[in-house]
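# Notes for the structure review
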Amino acid sequence: MKKIVIGSRESKLSLVYANKVKNLLLKKQTDLSKEDVVIKTIKTSGDIFKDKKLSEIGGKKLFCKEIEESLLKREVDIAVHALKDMEAENEKNLTIASYIKRNDPRDVFISLKYDSLKELKKNIIGSSSRRRELQLKLINKNIIVKHIRGNIDTRIKKLNEGLYDGIVLALAGVKNLNLENNVKEIFSPDDMIPAVGQGVIAVQCRDEDEKIKKILNKINDATTKQCATAERSMLMTIGGDCDTAVGGLATLVGDEINLKAQLFSDIGDEVFFHELKGKKEDAIKIGEVVGKALLKKAGSKFKKK
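Calculation criteria
- Residue positions are given per chain, counted from 1 along the sequence in the order it is written.
- This being a predicted model, a pLDDT of at least 70 is required before a residue's local features are given, and a value of 80 or more before pairs of side-chain atoms are given or counted; all residues contribute to the totals for chains, interfaces and linings.
- As a rule here, side-chain values come from all non-hydrogen atoms in the structure, and water together with hydrogens is ignored.
- Starting at the N terminus, helices and strands are each numbered in turn, a helix being any DSSP run of H or I of at least four residues and a strand any DSSP run of E of at least two.
- Only C-alpha atoms enter the radius of gyration, while the globule expectation follows 2.2 Å times N to the 0.38, with N the number of residues.
- Throughout, exposure labels follow a simple rule: accessible area from a 1.4 Å probe, protein chains only, divided by the maximum for the residue type, with under 20% read as buried, over 50% as exposed, and the rest as partly exposed.
- Contacts: residue pairs with any heavy atoms within 4.5 Å of one another.
- DSSP bridges decide pairing: two strands pair if at least two such bridges lie between them.
- Between N-to-C directions, angles cover 0 to 180 degrees, with each direction set by a line fitted to C-alpha atoms, over the stretch in contact for helices.
- Pairing of N or O atoms within 3.5 Å defines a polar contact, subject to two protein rules: one partner must be a possible hydrogen donor and the other a possible acceptor, and residues neighboring in sequence count only if both atoms are side-chain atoms.
- Between Lys or Arg on one side and Asp or Glu on the other, a salt bridge is scored when a side-chain nitrogen of the former is within 4 Å of a carboxyl oxygen of the latter.
- Left-handed describes a crossing in which the near helix is turned anticlockwise from the far one by less than a right angle; the clockwise case is right-handed.
- Each residue is assigned to one of three groups, with Ala, Val, Leu, Ile, Met, Phe, Trp, Tyr, Cys and Pro labelled nonpolar, Asp, Glu, Lys and Arg labelled charged, and all others, Gly among them, labelled polar.
- To qualify as a nonpolar core, a set must consist of buried Ala, Val, Leu, Ile, Met, Phe, Trp, Tyr and Cys residues joined through side-chain atoms within 4.5 Å.

## Digging into the overall build of the chain
When helices and strands are tallied, the chain shows ten helices and 13 strands. At 19 Å, the chain has a C-alpha radius of gyration in line with the 19 Å of a compact globule built from 305 residues. In terms of principal-axis extent, the alpha carbons of the chain reach across some 60 × 45 × 35 Å. Looking at the chain as a whole, 54% of its 305 residues are labelled buried. Considering only residue pairs separated by 6 or more positions, the chain has 69% of its internal contacts joining residues 24 or more positions apart.

Shown next, in the form of C-alpha cells:
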C-alpha cells in the first residue's frame, strides 16, 4: 500500500489529534506500518492571523481552508480537523469519512486566583466565542468578557501574565494536552451547552476516494457520528456564522438521540432553547426540527445568515 499522508494544523493540539488518527489507522489497518502513515503540517489562515477576531478575517472555516485545499490538490490523502472548526455544510467533493469517538464536550473555567466563575466581580474573562461570552454572563452578569485568541498554550500564557483573571476553554483540548491541573470548574451542559461538534475529531477525505473511505470507516465511531450529524443538521438549519451564539449537544441513550440546543438573539439579550428526542436513524431530521423550532422562537430577533 502506498503512503497515506495526513494533513494537520501545526498546533500542539492538532498534532495530538493527527497522531491519534494515525495510531487508530495502524491498529485497525494491519497492513500499514508506521512509515506508511505520514503527518504533513499545514499553516492555516486562522493560525497566521492570531490576534484578529475570526469574524473579521473570514470565520472559523479559516482553520480548515488550506488543509481542504491540500486535500483537493491531492497533496494529502486525509485531513484531520476539530469538528467544531468546520462549516456545517461539507466542502464540495470532500466528505467526513470518520468521526473519532467523542472526548468530553464540556467547557471549563481556568484561573490562577479564583475557584468558581460565580465568585467573580468585575473581573476579566478571556474568550474568543460569542456563545461562551453570553452563556458566561447568564451564570455571572458581573464579569467582563474580553476577546482572546491563540492556541491553548498561548491563552494559558496570557492568563499567567495577568492579562486575564480567568479563561474558558474546551475540556477536550485541555485533557489532550494533559493540562487538567489548571482547571478550576467544569461547566455542566445545563449551564453551558457546548459548541456543535465540540470534543469530536473529524477525518475528511476526497469523496471519490473509495479506498481511503473504506479504511477510515474502520475507525469511525457510530454513536459519535449520529450525535454529530444531529448537531450539524441543527446548525445548518439555523444558518449561523462564526459570530452566531449557538450551542448544541446530542447524546445517545439506547436507540434514542436527545438533542439540546440554545440560540441567542443577534444582540444577545434573549436566549431560546429547544430539546427533542427521537430515533437515532433520524439524526438529520431531529436536527432540522430543532433548528426550525429555534428560528420560530427567535422570530425577528435572529437573522438567518
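Having seen the model, we can carry on.
## Digging into the sheet that holds strand 8 (residues 166-170)
Pairing between sheet strands relies on hydrogen bonds along the backbone, with the strands arranged either parallel or antiparallel. The strand order across the open sheet built from five strands is 7-6-8-5-9, with neighbouring strands paired in mixed fashion. Here the strands that pair on one side only, and so sit at the sheet edges, are strand 7 (144-146) and strand 9 (183-186). Across the sheet, the mean angle from the axis of one strand to that of its neighbour is 30°, orientation sign disregarded. Relative to strand 8, strand 5 (residues 107-110) runs antiparallel, the two sharing four bridges.

## Observations concerning unusual backbone geometry
Of note, R74 is a non-glycine position whose phi angle comes to about 65°, a positive value. Tracing the backbone through its elements, the reader meets R74 in the loop between helix 4 (65-72) and strand 3 (78-82). Classification of R74 by relative accessible area gives exposed; the value is 52%. In this structure, N178 takes a positive phi of about 55° despite not being glycine. Examined against the element boundaries, N178 turns out to sit in the loop between helix 7 (171-176) and strand 9. A relative accessible area of 62% places N178 in the exposed class.

## Things to note about helix 4
Every α-helix carries 3.6 residues per turn, so stepping three or four residues along brings you back to the same face. Along helix 4, the positions that sit buried rather than exposed are E66, I67, E68, S70 and L71. Positive phi shows up at R74, right after helix 4, with a value of about 65°.

## Quick notes on the pairing of strand 10 (residues 201-206)
Walk down a regular strand and you will see the side chains alternate between the two sheet faces. With respect to burial, strand 10 is a largely interior element, six of its six residues being buried. Two strands pair when backbone bridges link them, and strand 4 (residues 94-99) and strand 10 are joined in this way by five bridges, in the antiparallel orientation. When the sheet's bridge partners are listed, S98 is paired in strand 10 with V203.

## Let's talk about the environment of Q29
Topologically, Q29 is positioned in the loop between helix 1 (12-28) and strand 2 (37-41). A relative accessible area of 9% means that Q29 is categorised as buried. For the pair Q29 and R9, spaced 20 residues apart in the sequence, the C-alpha separation amounts to 24 Å. A distance of 2.7 Å separates a polar atom in the side chain of Q29 from a polar atom in the side chain of K218.

## What about the pattern of salt bridges?
A complete count under the given rule lists 20 salt bridges for this structure. The closest approach of N and O atoms between R206 and D77, which form a salt bridge, is 3.6 Å. Placement of R206 in strand 10 and of D77 in the loop between helix 4 and strand 3 is noted, with a sequence separation of 129 residues between them. Accessibility expressed as a relative area gives 6% for R206, which makes it buried. Among the charged side chains, a salt-bridge network with shared partners connects D77, R206 and D209.

## Some remarks on the sheet that holds strand 11 (residues 246-253)
A sheet is described by the order of its strands in space; here three strands give the open sequence 11-12-13, paired in antiparallel fashion. At either margin of the open sheet sits one strand with a lone partner, and together these are strand 11 and strand 13 (271-279). Recorded for the sheet is a direction-independent mean angle of 10° between the axes of neighbouring strands. Summarising the sheet, strand 12 (residues 256-264) and strand 13 pair through nine bridges and their orientation is antiparallel. Counterpart to I257 in the pairing with strand 13 is G278. In this fold helix 10 (residues 283-298) packs onto strand 12 and strand 13, with an angle of close to 155° to the strand it touches most, strand 13.

## Thoughts on the packing of helix 9 (residues 222-238) against helix 10
The N-to-C vectors of helix 9 and helix 10 enclose an angle of 35°; their axes lie 7 Å apart at closest approach. For the element pair helix 9 and helix 10, the recorded crossing hand is right-handed. Counted together, Q226, T229, A230, S233, M234, T237 and I238 of helix 9 and A283, I284, G287, E288, V290, G291, K292, L294 and L295 of helix 10 form the full contact between these two elements. Class assignment of the residues belonging to the contact of helix 9 with helix 10 gives a composition of eight nonpolar, six polar and two charged.

## Some words on the nonpolar core
Formed by 37 residues in total, the largest nonpolar core has its most connected members in I6, V21, L25, I78, I110, I167 and L216. Of the residues forming this core, the biggest block, six residues, is contributed by helix 1. Ignoring any residue separated from it by four or fewer positions in sequence, one finds I167 in contact with V108, F109, I110, I125, G126, I148, R155, I156 and L159. Membership of the second largest hydrophobic core comes to 20 residues, among which are A88, M234, L235 and V246.

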